[in-house]
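# Overview (structure and organization)
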Amino acid sequence: MSSIPARWRDYLQFVFNPLLPKICFGCEELLVPGEAQLCVFCRHELPLTHFSFGKENKMDQALYGRFRFEKASALFYYHKTGALKQCFQYLKYRKQEQISTLLGQWHAQILSRDPDLPHLDYIVPVPIHPKKKQIRGYNQLSAYGKALEAALGVPFSENVLRKTANTKTQTSKNRGGRQDSSSSLYILPQPDKMAFKNILLIDDIMTTGATLSQCAAAFKDSEGHKLYVLCMAVVA
Ligand SMILES: [Zn+2]
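In this text, all values refer to a predicted model and were calculated from it rather than measured experimentally. (Residues numbered from 1 in each chain as written. Predicted model: local features only at pLDDT ≥ 70, side-chain atom pairs only at ≥ 80, totals over all residues. Heavy atoms only, no water.)

The four strands lie next to each other as E1-E6-E5-E2, forming an open sheet whose pairing is parallel. In the strand order of this sheet, the two ends are held by strand E1 (71–78) and strand E2 (122–125), each with one partner. Averaged over neighbouring strand pairs, the angle between their axes works out to 20° when direction is ignored. As judged from the seven bridges shared by E1 and strand E6 (residues 226–235), these two strands associate in the parallel manner. The partner of Ser73 across the bridge, within E6, is Leu230. In the packing of helix H4 (residues 83–93) onto the sheet, the strands contacted are E1, strand E5 (198–206) and E6, and the crossing angle to E1 comes to about 105°. (Pairing = 2+ DSSP bridges. Helix = DSSP H or I, 4+ residues; strand = E, 2+ residues; numbered from the N terminus. Axes fitted to C-alpha atoms, helices over the stretch in contact; angles between N-to-C directions. Contact = heavy atoms within 4.5 Å.)

So, in structure tokens, the structure goes:
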């Protein structure tokens with residue numbers, strides 16, 4: 001580690017050494033005893049959407065006409081800077097899967113109090129390509145999905161959808177200007193299993209909705225299913 005500047009060495013030790021004090025994933029300040037993963041300040045500052053399943057929101061409006069779905073919701077608003085962005089950096093690029101659990105437990109707590117939450121048969125994550133999973137170590141949605149499963153009693157089914165190519169989903173600069181037509185990026189190997197089921201499709205951050213749209217297209221041969229969409233965050 002001698003080639004690493006001392007500042008970074010200290011930082012890495014704080015993050016990865018279980019014997020040293022932990023830092024907040026939102027602001028990178030040291031946590032005090034009793035705090036875990038996020039400091040009290042960041043916990044209060046993270047921008048909750050307060051979306052409910054009984055009321056139309058901006059996600060619904062953004063997705064109308066793109067694909068057939070019943071309802072969409074998200075836990076947080078995502079901004080280009082700030083504590084939540086830091087959390088996602090740790091989750092996706094610094095092997096801190098515990099953030100996925102934290103967000104899942106948080107979201108489940110809110111959902112379990114929502115009287116309009118429908119009956120759900122499966123929780124299905126947007127898949128990542130096996131090569132990316134190997135690099136990252138996990139699908140960032142797995143622990144989130146498992147936390148939802150544990151709290152809501154709905155089976156989390158990780159292998160329902162498969163990603164066929166290790167490419168980033170094309171995100172349209174002008175969502176009205178291009179069809180989300182490359183449906184073959186995601187496949188549903190067993191469409192009959194999802195027939196007439198209520199499916200909660202989960203993703204991390206909704207930006208244009210292109211990924212969700214392409215996943216929804218993979219359900220085209222699954223008769224009578226209903227799709228619900230749930231994201232950790234939606235771009236504000
Ligand atoms: Zn903090």
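So much for the structure itself; the text now carries on.
For the zinc ion, the full set of protein donor atoms is Cys24 (SG), Cys27 (SG), Cys39 (SG) and Cys42 (SG), at a range of 2.3 Å. Taken together, the four donor atoms surrounding the zinc ion define angles of 105 to 114° at the centre, an arrangement classified as tetrahedral. Mapped onto the sequence, the residues coordinating the zinc ion show the spacing C-x2-C-x11-C-x2-C. Separated by twelve residues along the polypeptide, Cys27 in the loop between helix H1 (6–16) and helix H2 (40–45) and Cys39 in the loop between H1 and H2 bring together distant segments of the chain. Accessibility expressed as a relative area gives 32% for Cys27, which makes it partly exposed. (Donors = N, O, S within 2.8 Å, 3.2 Å for Na, K, Ca; no water. Tetrahedral: all angles 85-135°; square planar, octahedral: opposite > 155°, others 65-115°. Buried < 20%, exposed > 50% of the residue type's maximum accessible area, 1.4 Å probe, protein only.)

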